[in-house]
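Letter by letter, the chains look like this.
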Amino acid sequence: MMLLYRSMIIAFLAGVAFNLQAQQTFVISTFYASPLMQVCSEVMIRAYKKLGIEIKIVSFSGERSLATSNKGKVDGELFRNDQIAKRYTNLIMVPIPIAQVDIVAFTKHKQFTVNGWSSLKPFLIGVEIGFKRLENKTKGMNTQTATRVEQLFKMLNLGRVDVVPQVRMDGLNALKQLNIKGVKMLEPPLFKGLVYHYLHKKHLALLPKLSAVLKQMEKSGELKTIKDNKILELKQAQ
């Protein structure tokens, strides 16, 4: 009888622990809402759910988002490139890419051949504050900054900047939302790369589990399906 009683207590405590884990909520920071952000949000909502964790995504400006996550005021950063941890040392990259992106040059009043970032040097470039790759690649060039993509494309439309480098799907979405016509998207891309999810170091123990979940989602094609569905949605809305 005593053995049965002890077994019941152990089972009860295990159930309580499981329920507590299932009810756990993480707060993840990111910057403005965009198609890329929506893709990464869907990926990470699903990934954390497989671990019994719900996530709440909060938006800041690009720089503030990183500062907030690096200080541990939230549990992680939704997505960034693979170089962020060099400067924001409290953030740990989950080593499975959650989305593939390309950055292209958008222009309205100029026409030129894109041949890497140096081909932007003759122009006034609109750069999003907090988008670290853009900030780094245009350092020393003639730039005009803004905190939101929509602001940059309004400036481009008015001729206040000559070119806006931006993630392809985010730029197309901004143009659609603003109903701006006549903007050209130049090829080839300035950059093609991957983005990754970051955990604050206080959650280091979660890294292997989250990596395994994302790896399985990648292997099954779930990650690709989420991205393809978003692209199809954008195309149908045009």
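Throughout this document, residue positions are counted from 1 along each chain, in the order its sequence is written. Reporting in this predicted model follows two pLDDT cut-offs: at least 70 for local features of residues, and 80 or more for side-chain atom pairs to be given and counted; totals over whole chains, interfaces and linings ignore these cut-offs and use all residues. As a convention, hydrogens and water are excluded, and side-chain values are obtained from all of the structure's heavy atoms.

Once that is clear, we can look at the pairing of strand β3 (residues 76-80). Exposure is judged per residue with a 1.4 Å probe applied to protein chains only, and the accessible area is read against the type maximum: over 50% gives exposed, under 20% gives buried, and values in between give partly exposed. By the criteria applied, helices consist of DSSP H or I runs no shorter than four residues and strands consist of E runs no shorter than two, each listed in order from the N terminus. Summarising burial for β3: 5 of the 5 residues are buried, a large majority. We call two strands paired when DSSP finds no fewer than two bridges between them. One ladder, built from 2 bridges, connects strand β1 (residues 25-30) with β3; its direction is parallel. Bridge pairing in β3 links I28 to G76. In terms of strand pairing, β3 meets strand β9 (residues 184-200) through 3 bridges, oriented antiparallel. Among the inter-strand pairings, G76 is bridged to a residue of β9, identified as L199.

Time to look at helix α5 (residues 149-157). Within α5 the residues assigned to the buried category are V149, L152, F153, M155 and L156. Angularly, the buried residues of α5 cover 155° about the axis, an arc narrow enough to put them on a single face. The contact criterion used throughout is that any non-hydrogen atoms of two residues lie within 4.5 Å. Where α5 is buried, its residues touch β5 (99-107), β6 (125-128), β7 (143-146), β8 (163-167) and α6 (168-178). G159 sits one or two positions beyond α5 and adopts a positive phi of about 80°. Regarding the arc, it is the one traced by the directions from the helix axis to the C-beta atoms.

This part is about the environment of C40. Within the secondary structure, C40 is located in helix α2 (residues 35-50). Put simply, C40 and K227 are 187 residues apart on the chain and 8.6 Å apart in space, counted from C-alpha to C-alpha. Setting aside its immediate chain neighbours within four residues, C40 contacts L78, F79, I98, A99 and V195.

The next thing to look at is unusual backbone geometry. Following E187, the chain continues to P188 via a peptide bond in cis, the omega torsion being 0°. Despite not being glycine, N179 shows a phi value in the positive range, around 55°. With respect to the helices and strands, the residue N179 is situated in the loop between α6 and β9.

Right, let's get into the pattern of salt bridges. By definition here, a salt bridge exists when the distance from a side-chain nitrogen of Lys or Arg to a carboxyl oxygen of Asp or Glu is within 4 Å. For the structure on display, the rule yields 12 salt bridges. For the salt bridge of K132 with E63, the shortest nitrogen-to-oxygen distance reads 2.3 Å. Of this pair, K132 sits in helix α4 (residues 132-137) while E63 sits in helix α3 (residues 62-70), and the two are 69 residues apart along the sequence. The buried category is assigned to K132, whose relative accessible area is 9%.

To continue, consider empty space enclosed by the protein. Only protein atoms enter the 1 Å grid, on which a cavity is a set of points fitting a 1.4 Å probe that cannot get out and a pocket is an open set with protein on both sides within 12 Å along at least 5 of 7 lines, lining residues being those with an atom within 4 Å of a point. Grid points are joined across faces, edges and corners, and a volume is the space filled by probe spheres set on the points. The final tally for this structure, using the stated rule, is 1 cavity of 30 Å³ or more. In this structure, the largest cavity occupies an estimated 180 Å³ of space. Considering the residues around the largest cavity, the lining is formed by 19 residues, among which F79, R80, N81, F131 and V195 are closest to the centre. Mapped by element, the contributors of at least two residues to the lining of the largest cavity are β3, β5, α4, β8 and β9. For the lining of the largest cavity, the element with the highest residue contribution is β9, accounting for 3 residues. Residues of the lining of the largest cavity, tallied by class, amount to 12 nonpolar, 3 polar and 4 charged. Each residue receives one of three labels: charged for Asp, Glu, Lys and Arg, nonpolar for Ala, Val, Leu, Ile, Met, Phe, Trp, Tyr, Cys and Pro, and polar for the others, Gly being one of them.

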